[in-house]
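Observations on the three-dimensional arrangement
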Amino acid sequence: MTSYDLIDEAVIDAPPDAVWDALLAEFRGGAQWWVPANTFAAASGSPDEVGGEVKVTVHTKGVDKGGPKLRFTSRTTAVETGRRLSVEYVEGVFRGPSDFLLEPLDGGRRTRLGMHFRGRPHGWLKVLAKVADIGAEHSKATSAAFTALNDVLAKQKATEGAR
């Protein structure tokens, strides 16, 4: 059976609390930095509370560009505010755990953000995974999202500094 054990990381030029807030805002449907690849919508509870569920849609060609949509649901399994958010994919095209890890750097001025994805394809995605490199696409999209997050937080910081 195909499964993935991927770690994607980036250094974000913002403190952990800003990165944490942006991560949660995205999972609540903010659509600020993970688009065009992924969109999120809180389904029940809050993503930063154990048991909270988020509906995830991976737009394989980008939002509103057609192409297959990969849909799945994550359920929060553990939270260390500002440090770690752990989820389990419980429904849809992926099953398995993922962790989002935040590590303060440079005295808290910057943050290492990591995603450890250990999902398994489920349903029709199991067939596609035999001919497509889902893992490489996941890492490519996550890397692009982390770069976009860094840009969004830099713009916010510049705007706040100009006030």
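Residues numbered from 1 in each chain as written. Predicted model: local features only at pLDDT ≥ 70, side-chain atom pairs only at ≥ 80, totals over all residues. Heavy atoms only, no water.

Naming follows an unreviewed UniProt entry, where the protein chain appears as SRPBCC family protein of Streptomyces kurssanovii.

Overview of the overall build of the protein chain
Our working definition: Put simply, DSSP H or I for four residues or longer makes a helix, DSSP E for two residues or longer makes a strand, and each gets a number counted from the N terminus. For every residue, the accessible area (1.4 Å probe, protein chains only) is compared with the maximum for its type, and the residue is labelled buried under 20%, exposed over 50%, or partly exposed between those bounds. Residue contacts are defined here by distance: any two heavy atoms, one from each residue, within 4.5 Å place the two residues in contact. Under this rule, positive means Lys or Arg and negative means Asp or Glu; His and the chain ends count for nothing. To locate a charge, the coordinates of NZ of Lys, CZ of Arg, CG of Asp or CD of Glu are taken.
Each helix and strand in the protein chain was counted, giving 3 helices and 8 strands. Across the protein chain, helices and strands are ordered from the amino to the carboxyl terminus as β-α-β-β-β-β-β-β-β-α-α. With the principal axes as the frame, the protein chain shows a C-alpha extent of 50 × 35 × 25 Å. In the protein chain, which comprises 163 residues, the proportion classed as buried is 42%. Considering only contacts within the protein chain whose residues lie at least 6 apart along the sequence, 48% involve residues at least 24 apart. A gap of 5 Å separates the mean positions of the 21 positive and 21 negative side-chain charges of the protein chain.

Considering helix α3 (residues 134–162)
The criterion, for reference: Expected helix span is given by 1.5 Å per residue-to-residue step, counting one fewer step than there are residues.
Between its terminal C-alpha atoms α3 stretches 42 Å, which fits the 42 Å expected from 29 residues at 1.5 Å a residue. At its buried positions, α3 is contacted by β1 (6–12), α1 (16–27), β6 (94–105), β7 (110–117) and α2 (124–128).

As for the pairing of strand β4 (residues 69–80)
The cut-off we apply is this: Any two strands are treated as partners once DSSP identifies two or more bridges connecting them.
As paired strands, strand β3 (residues 53–59) and β4 are joined by 7 bridges and run antiparallel to one another. Considered in β4, the bridge of Val54 is made with Ser74. Bridge analysis of β4 against strand β5 (residues 84–92) gives 8 bridges, and the strand direction is antiparallel. Considered in β5, the bridge of Glu80 is made with Arg84. Following β4, the chain reverses through 3 residues before pairing antiparallel with β5; Gly82 in that reversal takes a positive phi of roughly 80°.

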